[in-house]
Amino acid sequence: MAKGVGAVTLFFSTIATAETVYEPVGTIRPAMEPPNDAVDVDVLVVGAGISGIYQLYRALEEGFTAQLIEAGSGVGGTWYWNRYPGAQFDSESYTYAYLFSEELFDEWEWHELFAHQPEIERYLNHVVDKFDLRRHIQFNARVTSAVYDEASGTWDVTDGNGTPIRARFLVAATGVLSIPFFPEVPGRDNFRGEQHHTGLWPAKSVDFNGKHVGVLGTGSSGVQIVPVIADVVASLTVYQRTPNWCTPLNNSPITDAEQASLRADFASIRDTLNTSVAGFLHEPHDRATFDDSEEERRAFYEKMWSSPGFSKLTSNYTDVLMDETANAEWCEFVAEKVRSLVDDPTVAEMLIPKDHRFGEKRPPFVTDYYETFNRANASLVDLKATPIKRITEQGIETANGVRELDMIVWATGFDFGTGALNRMGIRGLDGLALEEHWADGPTTFLGVQTAGFPNLFFPGGPHAAAGNNPRYNGDQVEFITETLIYARDHGFDTIEVSPEAEDTWTAMVDKWAKQPPSFTEKSYYFGTNVPEKPTRYLLNAGGRPKLFREIARVRDTDYQAFKLSRSA
Ligand code: NA7
């Protein structure tokens, strides 16, 4: 499609007026009515990740005209950009996937309990094609400015190609892990070899064969890539500032019998996932640590060690995150495992966290990570003992000298939560800049709206998930869609949360962020990984129960938390 105002207007007016354009595909219904004359589109979604795709689907299903713009050239969001070797789910595949269509659930067979990135990307492409969403998506378009026009109650959005779009509602589904963070290490541009950030991994295949590779960072991304490339590289140097409590992912193929039972159990799986506290299927345990004898505890810890992914958090002893002694005992068990897996006792000690307890930071899940350090070609550098001085043309210089490298992998994380939203040029009432409104950290209502920015929603952004992300983000998309329907049914076209409702929700988040079990400020969930970012909790510390309760209250009080009006 040609770029420019005319082309975009034509595109939107075509989809809005020709009923036949919406051929019934999947469960999407035809557009019910043409859009308001003042706008090109009712709902403009930004970002083709899991939340954005779902929001596009729901908006169309409810008869709104909708369009999605995406910076990448394909769908997937996080699962499009993070295509580094080893990238994979650590929530069970079928619990992370969409649940809105039983037909989709039935026909898609996940090959692994924890799918790898290529399969995830294939799945999301399948969803987009099955429900005929692709023609509503404009790729290679990054939003550079979104300005609210109070008179018309609409958003004027421009992308990097200069294409303007006027939307009634702007849904920024831009994700929490979309702005890669590079630490301020002098000389990064001087390096003559290849360098890649895990969160911006190139689409073309990266050749590790016979190369001397340095991996910086040992969060979830670093510990996933390390064991996968170890076989082919000439040497692998892992630069670790802080070790994490890594436990086995315990991935496995999904057998035909398991596929059949997943299909048969769809309704109960969906019900559990739609209501469970953390969005997983894992059964919570019913015993506290010291209810059991030492021998029973040992056997239980072994069971946990062999259990899939997050069950070490969700199905562990009930007090493991609450009670210091209980936590310390589980940590000691994990530490012993590390010592048993790593041949060199000095390296094993380096890999055992000393500055935080299990669950105080987001725990990564691993496959053969610890064992990698038994290889002759792998080594671990402790950056606390020997900090990086600079990147040179040849490699990385620490207090111990320069290690020459062919490639540097930056697995150094993200400007989490607010990074993307604060960079979109969002201007609300009276030209208020979102990044100024949030200068001390984000303030939201339900993690979907902020006062002063009418008709702007941001599912899956700050104050959203703490658990299996698509489940929480899906709750928010559902709530946003319901709110748009409510406004339409009552003749309103402007929706803005009241400052009081926002203050109450934000105060709840800030209060609960400090209650155990909680992440510490060492966690990037407080933004402390990015210099000069305000230290403020970026998730919904009240979790899903508080979200459900507040959504019910909004319904029961006839949307009192919002100012609903009709634009001039
Ligand atoms: P994370 O979990 O934020 O990990 C980033 C890693 O990079 C972590 O080990 C950091 O060490 C390290 N880092 C950051 N800055 C530096 C500097 N300046 N020097 C050395 N090391 C540094 O990001 P991931 O991509 O691994 O995971 C993000 C999420 O993706 C994850 O939680 C899952 O949800 C999936 P630190 O711990 O700060 O000392």
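All figures in this text were calculated on a predicted structure; none of them were measured in a lab.

A. View of the domain arrangement of the protein chain. Considered domain by domain, the protein chain is made up of domain 1 (38-73 + 139-179 + 416-565) and domain 2 (247-410). Domain 1 and domain 2 are separated by 31 Å when their C-alpha centres are compared. Summing both sides of the interface, domain 1 and domain 2 together bury roughly 1,300 Å²; the carbon and sulfur share of this comes to 57%. Remark: the boundary between domain 1 and domain 2 carries 0 salt bridges. The tally of links between domain 1 and domain 2 comes to 8 residue pairs in polar contact (both at pLDDT 80 or more). Of all the elements, helix 18 (residues 543-556) adds the most residues to the side of domain 1 that touches domain 2, at 3 residues. Its residues assigned to classes, the side of domain 1 that touches domain 2 shows 8 nonpolar, 5 polar and 3 charged.

B. Looking closely at the pattern of salt bridges. Considering all chains together, one arrives at 36 salt bridges under this definition. Between Glu393 and Arg192 there is a salt bridge, with the nearest N and O atoms lying 3.1 Å from each other. Residue Glu393 is located in the loop between strand 13 (388-391) and strand 14 (395-398), and its partner Arg192 is located in the loop between strand 6 (164-172) and strand 7 (194-197); the two are separated by 201 residues in the primary sequence. Ionic pairing is found between Glu329 and Arg297, a salt bridge with its closest N-O pair at 2.4 Å. Here the residue Glu329 occupies a position in helix 12 (residues 324-341), and Arg297 occupies one in helix 10 (residues 294-305), the gap between them amounting to 32 residues. Note on Arg297: relative accessible area 10%, which makes it buried.

C. Spatial organisation of the sheet that holds strand 12 (residues 378-382). In space, the 5 strands of this open sheet follow the order 7-16-8-9-12, with parallel pairing throughout. The open sheet has two free edges, formed respectively by strand 7 and strand 12, since each of these has just one partner strand. Averaged over neighbouring strand pairs, the angle between their axes works out to 15° when direction is ignored. Docked against the sheet, helix 7 (residues 220-229) engages strand 8 (212-216), strand 9 (235-240) and strand 16 (407-410), running at close to 165° with respect to strand 8.

D. Geometry of the sheet that holds strand 15 (residues 401-404). Taken in spatial order, the 3 strands of this open sheet run 13-14-15, and their pairing is antiparallel. Two strands bound the open sheet, and with one partner strand each, they are strand 13 and strand 15. For this sheet, the mean inter-axis angle between neighbouring strands, taken without regard to orientation, is 25°. Inspection of the sheet shows strand 13 paired to strand 14 by 3 bridges, in the antiparallel sense. Across the sheet, Ile388 pairs through a bridge with Thr398, a residue of strand 14.

E. Inspection of the site of the ligand at higher detail. The full set close to the ligand counts 19 residues, and Thr218, Ser221, Arg241, Thr242 and Tyr524 are the nearest of them. For the ligand, an oxygen atom lies 3.0 Å from a polar atom in the backbone of Ser220. Contacts to the ligand include Thr242, whose side-chain N or O atom sits 2.4 Å from an oxygen atom. Protein burial of the ligand: of its 780 Å² of free accessible surface, 83% is covered by the chains. Here the shell around the ligand is built from residues that sort into 8 nonpolar, 8 polar and 3 charged.

F. Looking closely at the environment of Gly460. Here Gly460 is to be found in the loop between strand 18 (456-457) and helix 16 (469-489). Spatially, the C-alpha atoms of Gly460 and Ser307 are 28 Å apart, while their sequence positions differ by 153 residues. Not counting residues within four places of it along the chain, the set of residues in contact with Gly460 comprises Ser51, Gly175, Val176, Asn473 and Gln476.

G. The environment of Arg135, seen in detail. Of note, Arg135 is situated in the loop between helix 6 (117-130) and strand 3 (137-138). Separated by 68 residues in the primary sequence, Arg135 and Gln67 have C-alpha atoms spaced 8.7 Å apart. For Arg135, the side chain forms a polar contact with the side chain of Asp132, separated by 2.8 Å.

H. Fine view of the side chain of Gln88. Position of Gln88 relative to the elements: it lies in the loop between helix 3 (78-81) and helix 4 (93-96). On the basis of relative accessibility, which here comes to 9%, the residue Gln88 falls in the buried class. Excluding residues within four positions of it along the chain, Gln88 makes contact with Trp79, Phe114, Ala115, His116, Gln117, Gln224, Leu249 and Asn251.

I. Representation of unusual backbone geometry in the model. One non-glycine residue, Asn140, adopts positive backbone phi at about 55°. Locating Asn140 in the fold gives a position in the loop between strand 3 and strand 4 (143-149). Positioned with a positive phi, Glu532 is a non-glycine residue whose angle comes to about 70°. Position of Glu532 relative to the elements: it lies in the loop between helix 17 (499-512) and helix 18. A relative accessible area of 83% means that Glu532 is categorised as exposed.

J. Examining the nonpolar core more closely. Residues Trp110 and Phe562 are the most contacted members of the largest nonpolar core, which totals 82 residues. Looking at this core, you find at least three residues from each of domain 1 (38-73 + 139-179 + 416-565) and domain 2 (247-410). Those residues in contact with Phe562 that sit more than four places away from it in its chain are Phe445, Gln449, Phe479, Ile495, Glu496, Val497, Ser498 and Val554. Residues Ala87, Ala348, Phe373 and Met407 belong to the second largest nonpolar core, which totals 43 residues.

K. Structural context of helix 2 (residues 50-61). A rise of 1.5 Å per residue sets the reference length of helix 2, with its 12 residues, at 16 Å; its end C-alpha atoms lie 17 Å apart and thus fit the reference within 8%. When you tally the buried positions in helix 2, you get 12 out of 12 residues, the bulk of the element. Turning to helix 2, its buried residues number three or more, namely Ile50, Ser51, Gly52, Ile53, Tyr54, Gln55, Leu56, Tyr57, Arg58, Ala59, Leu60 and Glu61. Looking at the residues trailing helix 2, positive phi occurs at Gly63, about 90°.

L. Spatial organisation of the packing of helix 17 against helix 18. Where helix 17 contacts helix 18, the axes come no closer than 12 Å and their chain directions differ by 165°. It follows that helix 17 is roughly antiparallel to helix 18 by the angle criterion. For the pair helix 17 and helix 18, the sense of crossing is right-handed. Note on element contacts: helix 18 touches helix 17 through Lys546, Leu547 and Glu550, opposite Trp505, Met508 and Trp512. Of the residues contributing to the contact of helix 17 with helix 18, the split by class is 4 nonpolar, no polar and 2 charged.

M. Just helix 16, in detail. The terminal C-alpha atoms of helix 16 lie 30 Å apart, and with 21 residues this matches the ideal 30 Å at 1.5 Å per residue to within 8%. Across the 21 residues of helix 16, 16 count as buried, placing the element largely inside the fold. Phi turns positive, to about 75°, at Gly491, one or two residues after helix 16.

Cut-offs used in this document
Residues numbered from 1 in each chain as written. Predicted model: local features only at pLDDT ≥ 70, side-chain atom pairs only at ≥ 80, totals over all residues. Heavy atoms only, no water. Domains from an automatic or database assignment. Buried area = accessible area lost by both parts, 1.4 Å probe. Salt bridge = Lys/Arg side-chain N within 4 Å of Asp/Glu carboxyl O. Polar contact = N/O pair within 3.5 Å; in protein donor to acceptor, adjacent residues only side chain to side chain. Helix = DSSP H or I, 4+ residues; strand = E, 2+ residues; numbered from the N terminus. Nonpolar A, V, L, I, M, F, W, Y, C, P; charged D, E, K, R; others polar. Buried < 20%, exposed > 50% of the residue type's maximum accessible area, 1.4 Å probe, protein only. Pairing = 2+ DSSP bridges. Axes fitted to C-alpha atoms, helices over the stretch in contact; angles between N-to-C directions. Contact = heavy atoms within 4.5 Å. Near = heavy atom within 4 Å. Areas by Shrake-Rupley, 256 points an atom, 1.4 Å probe, with all protein chains shown as cover. Core = buried A, V, L, I, M, F, W, Y, C linked by side-chain atoms within 4.5 Å. Expected span 1.5 Å × (residues − 1). Parallel < 35°, antiparallel > 145°, perpendicular 65-115°, else oblique. Left-handed = near helix turned anticlockwise from the far one by under 90°.

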